[in-house]
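# Structural features, examined
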Amino acid sequence: GVPLDAQDRADLLGVRREFTQSGFDFGFCVVHGHTGVRAPEQHKNRIAIDTGAFATGVLTAAVFEQSDVSFITT
């Protein structure tokens, strides 16, 4: 609920759990990494694609075609 330009560095870098567990409608869908998931996750407000390639060897990309989203995973 804090405007982006009013957030401090800690807000911008450390708000993982609050963000990933939120169903808040941001007005757009956020595509993100930096919070690992076993497989890509698509939610109404966000898409998580960080499958931990550094540790798992599994790299994921999101493909956007009009209103459809699909995933490519190694």
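Residues numbered from 1 in each chain as written. Predicted model: local features only at pLDDT ≥ 70, side-chain atom pairs only at ≥ 80, totals over all residues. Heavy atoms only, no water.

## Here we look at the pairing of strand 5 (residues 68-73)
Residues in a regular strand project their side chains so that they alternate between the two faces of the sheet. Pairing of strand 4 (residues 60-65) with strand 5, which is carried by 6 bridges, proceeds in the antiparallel orientation. Each bridged residue has a counterpart across the sheet, and for T60 the counterpart in strand 5 is T73. (Pairing = 2+ DSSP bridges. Helix = DSSP H or I, 4+ residues; strand = E, 2+ residues; numbered from the N terminus.)

## Observations regarding the pattern of salt bridges
Evaluation of the coordinates by the stated rule reveals 1 salt bridge. When the shortest N-O distance is used, the salt bridge between E41 and R46 registers 3.7 Å. According to the relative accessible area criterion, R46 is buried, its value standing at 5%. (Salt bridge = Lys/Arg side-chain N within 4 Å of Asp/Glu carboxyl O. Buried < 20%, exposed > 50% of the residue type's maximum accessible area, 1.4 Å probe, protein only.)

## A closer look at unusual backbone geometry
Phi is positive for H34, which is not a glycine, with a value near 70 degrees. Looking at H34, the relative accessible area reads 63%, which means it is exposed.

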